[in-house]
Amino acid sequence: MSAPEKITAESRTEFGKGAARRIRREDKIPAVIYGHGNEPVHVILPGHQTMMALKHGGANALLALDVEGSEQLALTKDVQIDPIRRVIEHVDFVAVKRGEKVTVDVPIHVVGDAAPETLVVTENAVVSVEAEATHIPEFFEVSVEGAAAGTQIHAKDLDLPSGTTLLADEELLIVNVTEQMSAEALEAELEEAEAEAGIEHDVSDEEIAEAQEEAKAEDAAAEGSDSE
């Protein structure tokens, strides 16, 4: 992880939905810092700078927030995004100190191409680890280059940097490389599952008519063959 980006924060003194809307209209983001047994600290952050810092820092972005002249390392824990406008509405941080160990979920990045006619399935997209607050891995890279069907990569197989401890079960399945199923096999499996579940598909009048015409044609062909 690179050095935390420094951002100047304003103290927030107005609360409620109306105040939050006014903050966002000014291209700023309301946020709160929890942790270390202190009362939550409510702040206002510059919108564009914060958005870029969170984008660059990833899921566990660490920021150095200057709150009224006092620097506070803040680890991102929750980012609320407007589902329509896709803008940040609120951020929750946890206060941390340099050298402090924290528990985080680190994303998995799968790279490479597995062997032909295989399917690569990411069974778990994140893995829980303990790391120093200022040295949190941005992601764990897992290569499946040339991997054959049957290849499985577990949490114990991840390459963890020095100072990072695995908290997840060592046997946690991260990536599973399986044999690619043909369209025919997939359709047969779906039909079998539907039959077991008692699912019946409605047949349209047009389909019934087509089936009857086909049956008549087959009967006519059979009669012609018998008369020869």
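Before reading further, recall that the structure is shown in the block above.
Heads up: these notes are all about the structure in this document.

The rules behind these values
Residues numbered from 1 in each chain as written. Predicted model: local features only at pLDDT ≥ 70, side-chain atom pairs only at ≥ 80, totals over all residues. Heavy atoms only, no water. Pairing = 2+ DSSP bridges. Helix = DSSP H or I, 4+ residues; strand = E, 2+ residues; numbered from the N terminus. Buried < 20%, exposed > 50% of the residue type's maximum accessible area, 1.4 Å probe, protein only. Arc of directions from axis to C-beta. Contact = heavy atoms within 4.5 Å. Polar contact = N/O pair within 3.5 Å; in protein donor to acceptor, adjacent residues only side chain to side chain.

1. What about the sheet that holds strand E9 (residues 126–132)?
Turning to step 1, where the next piece is worked out: Sheet architecture is open: four strands sit in the order E10-E7-E9-E12, paired in mixed fashion. Of all strands in the sheet, those bounded by a partner on one side alone are strand E10 (140–143) and strand E12 (165–166).
Turning to step 2, where the next piece is worked out: In this structure, strand E7 (residues 101–111) lies alongside E9, joined through seven bridges in antiparallel fashion. Counterpart to Pro107 in the pairing with E9 is Val126.

2. Describing helix H2 (residues 47–57)
Turning to step 1, where the next piece is worked out: The complete set of buried residues in H2 reads Gly47, Thr50, Ala53 and Leu54. One side of H2 holds all its buried residues, which, seen down the axis, span an arc of 135 degrees. Of the residues in H2, the exposed ones pointing more than 90 degrees away from the buried face are His48, Lys55 and His56.
Turning to step 2, where the next piece is worked out: In this fold, the buried residues of H2 make contact with strand E1 (5–11), strand E2 (28–34), strand E3 (41–46), strand E4 (62–67), strand E5 (70–81) and strand E6 (88–96).
Turning to step 3, where the next piece is worked out: Positive backbone phi, at 80 degrees, marks Gly58, one or two positions downstream of H2.

3. A short note on the side chain of Asn60
Turning to step 1, where the next piece is worked out: Looking at where Asn60 falls in the secondary structure, it is placed in the loop between H2 and E4.
Turning to step 2, where the next piece is worked out: A polar side-chain atom of Asn60 sits 3.0 Å from the main-chain carbonyl oxygen of Asp105.

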